[in-house]
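# Report on the structure
The lines below spell out each chain.
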Amino acid sequence: GLESKSKRREEMRQKLIMANSSFVSAIDIKKKAKRQSRVKVVFWNTVGRLVPNFFLMYPLFYSAFFFGMIVAGLPFFLKVGAVKSNLELQNSALLGSTFLPVPGYYNLDERDDQRTQIPLVYGFMHMALYVFCWLPVPFYRGFWRFVSLTFPRSRHYMPIDDFIFFHKLLAVLIFTFLLIGGSIWLQTLRIPCLEERDARSCFAFDPLPGANQGPNPAIFAMNPL
């Protein structure tokens, strides 16, 4: 009788311990879930402040677009300060060669400033060319109408209803890259041509390539831009 009573007491005590521990663990799980939900809210609020709305609306489309843009300019940016010749710069493009041959008025063999700045010019210019290739996309309205009717879910992945904004974005990016690249190009060749009287750099401003008629004053008028 005594042994059975003691066993029952022990069993009851173990059940109470297990019940209390499960209750405590349930509270901990609930608190942990609340903490995780708060972290998620803070994270997405931060993302919403940092990432533009157009990117959040169509993340796959704009991720692919900006990834291609970076890939177009990255091979040249990696050559900043490391390129040794015009030919090496020309062969640095992702497809094996630059869009146009590297002109002879660059002197990457001897000038350290051009080894740093001219790859930047080619990086920004190739990014501008990449963006320029996307310009026809917003104009294919009939095609995108057919795509949206055939595959309605495509509207969730592509800005079919917002191609006007995409067209404006392309224009802003093109002008930005042209302005940055053109400013670097002008400053890189202006100094050796005007101040150092480097004839090779002055060929960049000839009215006719190879005419050797001296720098074109109209080119230097662009310097304030």
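Given the structure is predicted, the values throughout are model-derived calculations rather than measurements.

### Quick notes on the overall build of the chain
Regarding its fold elements, the chain presents nine helices and zero strands. Written out in order from the N terminus, the α and β elements of the chain read α-α-α-α-α-α-α-α-α. Here the chain holds 225 residues, and 32% of them are scored as buried. For the chain, restricting intrachain contacts to residue pairs at least 6 apart in sequence, the fraction spanning at least 24 positions comes to 61%. When the accessible surface of the chain is summed, it comes to about 15100 Å², and 67% of that surface belongs to carbon and sulfur atoms.

### A closer look at the nonpolar core
By size, the foremost hydrophobic cluster in this structure holds 27 residues, and its most contacted members are Phe65, Val131 and Phe166. Listing elements by their share of this core, those giving two or more residues are α3 (59-77), α5 (112-133), α6 (141-150) and α7 (163-195). No other element matches α7, which puts seven residues into this core. Non-local contacts of Phe65, meaning those with residues more than four positions away in its chain, are made with Tyr130, Val131, Trp134, Phe166, Leu170 and Leu173. Counting residues in hydrophobic clusters, the runner-up holds 18 residues, among them Phe76, Trp185, Leu186 and Cys193.

### Side note on the side chain of Ser148
Locating Ser148 in the fold gives a position in helix α6. A polar atom in the side chain of Ser148 sits 3.3 Å from the side chain of Arg155. Dropping the residues within four chain positions of it, Ser148 is found in contact with Ser154, Arg155 and Ile160.

### As for the confidence of the model for the chain
Predicted confidence across the chain gives a mean pLDDT of 77, with 70% of residues reaching 70 or more. Least confident of the elements in the chain is helix α9 (residues 217-220), whose mean pLDDT is 43; most confident is α3, at 92. The low-confidence segment residues 209-225, where pLDDT is below 50, has 26 contacts with residues more than four positions distant or belonging to other chains.

### What about α7?
For α7, spanning 33 residues, the distance from its first C-alpha to its last is 47 Å, which sits close to the expected 48 Å at 1.5 Å a residue. Taken from the residues just after α7, Arg197 is the one with a positive phi, measuring 55°.

### Here we look at the packing of aromatic side chains
The full count for this structure, using the stated rule, is 22 aromatic pairs. Ring geometry for Phe76 against Tyr122: centres 6.1 Å apart, planes inclined by 35°, an arrangement best described as tilted. Here the residue Phe76 occupies a position in helix α3, and Tyr122 occupies one in helix α5, the gap between them amounting to 46 residues. For Tyr122, a relative accessible area of 10% translates into the label buried. When the ring of Trp144 is compared with that of Phe163, the centres are 5.5 Å apart and the planes differ by 45°; the resulting orientation is tilted. Separated by 19 residues along the polypeptide, Trp144 in helix α6 and Phe163 in helix α7 bring together distant segments of the chain.

### Let's talk about the packing of α3 against α7
Here α3 crosses α7 at 15°, and the two axes come no closer than 14 Å. Between α3 and α7, the angle is such that the two are roughly parallel. In the crossing of α3 with α7, the sense of the turn from one axis to the other is right-handed. Counted together, Phe61, Tyr62, Phe65, Phe66 and Met69 of α3 and Phe165, Phe166, Leu169, Leu170, Leu173 and Phe177 of α7 form the full contact between these two elements. A breakdown of the residues in the contact of α3 with α7 according to their chemical character gives eleven nonpolar, no polar and no charged.

Thresholds, definitions, all that
Residues numbered from 1 in each chain as written. Predicted model: local features only at pLDDT ≥ 70, side-chain atom pairs only at ≥ 80, totals over all residues. Heavy atoms only, no water. Helix = DSSP H or I, 4+ residues; strand = E, 2+ residues; numbered from the N terminus. Buried < 20%, exposed > 50% of the residue type's maximum accessible area, 1.4 Å probe, protein only. Contact = heavy atoms within 4.5 Å. Areas by Shrake-Rupley, 256 points an atom, 1.4 Å probe, with all protein chains shown as cover. Core = buried A, V, L, I, M, F, W, Y, C linked by side-chain atoms within 4.5 Å. Polar contact = N/O pair within 3.5 Å; in protein donor to acceptor, adjacent residues only side chain to side chain. pLDDT = per-residue confidence, 0-100. Expected span 1.5 Å × (residues − 1). Phe/Tyr/Trp six-rings, centres within 6.5 Å; stacked < 30°, edge-to-face > 60°. Axes fitted to C-alpha atoms, helices over the stretch in contact; angles between N-to-C directions. Parallel < 35°, antiparallel > 145°, perpendicular 65-115°, else oblique. Left-handed = near helix turned anticlockwise from the far one by under 90°. Nonpolar A, V, L, I, M, F, W, Y, C, P; charged D, E, K, R; others polar.

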